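Coordinate analysis (summary)
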Amino acid sequence: MGGIAIEGLAKTFNSTRVLHSIDLRIERGEFITLLGPSGCGKTTTLRCVAGLETPSAGRIRIGEDTVVDSELADFTPPHRRRVGMVFQSYAIWPHMSARANVEFPLRRRKQGSRAEQRAIAARALESVGMSAYAERYPHELSGGQQQRIALARGLVAAGEVMLYDEPLSNLDAKLRVAMRDEVRRLHDEFGHTSIYVTHDQEEALAISDRIVIMNAGRIEQSGTPQEIFDAPTTRYVADFIGFENILTVEEASGGIAVAGGIRFSGLPDARPGDALAFRSGAVSPGAHDDAAATFDAPVAREVYLGEDVVLHLEVAGGPGVVARIPAQRRAQGLPERFHVDAADIAVLTA
Ligand SMILES: Nc1ncnc2c1ncn2[C@@H]1O[C@H](COP(=O)(O)OP(=O)(O)OP(=O)(O)O)[C@@H](O)[C@H]1O
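Residues numbered from 1 in each chain as written. Predicted model: local features only at pLDDT ≥ 70, side-chain atom pairs only at ≥ 80, totals over all residues.

**Observations concerning the pairing of strand β11 (residues 218-223)**
Strand direction decides the pairing type here: strand β10 (residues 210-215) and β11, joined by five bridges, are antiparallel. Bridge pairing in β11 places Asn 215 opposite Arg 218. (Pairing = 2+ DSSP bridges. Helix = DSSP H or I, 4+ residues; strand = E, 2+ residues; numbered from the N terminus.)

Now the structure itself:
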């Protein structure tokens, strides 16, 4: 079977429910990301898989093994689950060399001979480009290098499963991008099944096979990065993933919908109470014959962002619309008319 199965996972801290019956299946070899704002329960879910937290209800299977089943009071301790875990805070031992840190999970498990442990650790250090630093202690390493050591230690601890809890949050922007590519490369190279926690949507889009968006202890939507980015199904996801325009449908019939004071056509699925969501970049200057909506709107405020300019448009009978147009286009004068194509609109059911 392989992979990870989470069934009916619930967790209560001091009578506050932070996870409500999470069901999630992660295929063998899949890289999934739990994405959501602070406090939505991502870390708690991950810690339940790792065995660092005991669920209040539910069952978790890793590969063929049921590692926790609250009904049967079954609980496999963390070091027996054969998962590698990488934390935001690195969590490597300050009194051990890089090599000793990486060997630690093998020694603790008494896995293999000393020579075998050395060979496995050496391979992991090489995979993360840290062979030359093996004898150094954590205080002699930069933050990025320490995180590579933590990554190498995770790799040797992992049977098949790697768990990442915001592992790149302490690194500067450039290093984050380089390291996230590396995390994904290692996942593919080692053939792991990975769960990655972040609140950074770009990181989630870049690294994942599938993104699971969480909201207040529940799964709100799950899909490929492209599905999540292009086709959110709820207001919460649309808002979180950066759809600046979310307009409530006031009237709808025969494919025509009125939302935010604008008349849209070609939207047969829209019903009153639904919302139409589109990104600021989907609002283009000028009219277009095939557009779902063309409207005139004065600019109330503009924000210069270098390549683009963000325009806040006033629309009578609605909350307004945010447009993002190239700065070059703006330089030709403020547009007065705008359009949105149907292909760029997600209809969010009420
Ligand atoms: N040990 C604990 N005792 C009490 N409450 C806790 C404990 N751990 C987590 N919580 C609460 O559970 C909720 C979910 O926390 P969790 O850390 O899973 O969220 P998260 O989505 O990972 O957030 P973040 O991105 O900030 O880490 C929060 O409201 C948090 O305060």
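**Remarks on the packing of helix α4 (residues 143-157) against helix α5 (residues 173-190)**
Taken N-terminus to C-terminus, the directions of α4 and α5 make an angle of 15°; their axes are 12 Å apart at the nearest point. In this view, α4 runs roughly parallel relative to α5, as classed from their interaxial angle. Crossing of α4 against α5: the hand is right-handed. Here α4 contributes Gly 144, Gln 147 and Leu 155 to the contact with α5, which in turn contributes Leu 175, Met 179, Leu 186 and Phe 190. A breakdown of the residues in the contact of α4 with α5 according to their chemical character gives five nonpolar, two polar and no charged. (Axes fitted to C-alpha atoms, helices over the stretch in contact; angles between N-to-C directions. Parallel < 35°, antiparallel > 145°, perpendicular 65-115°, else oblique. Left-handed = near helix turned anticlockwise from the far one by under 90°. Contact = placed C-beta atoms within 7 Å. Nonpolar A, V, L, I, M, F, W, Y, C, P; charged D, E, K, R; others polar.)

**What to know about the environment of Val 161**
For Val 161, the location among the structural elements is in strand β8 (residues 161-165). For Val 161, a count of 25 C-beta atoms within 10 Å puts it in the buried group. Sequence-distant contacts of Val 161, defined by excluding residues within four places in its chain, comprise Ile 4, Ile 62, Val 83, His 192 and Thr 193. (Buried ≥ 20, exposed ≤ 12 C-beta atoms within 10 Å, placed from the backbone.)

**Comments concerning the domain arrangement of the protein**
If you check the domain split of the protein, you get domain 1 (4-230) and domain 2 (243-348). Taking only C-alpha atoms, the centre of domain 1 and the centre of domain 2 are 40 Å apart. (Domains from an automatic or database assignment.)

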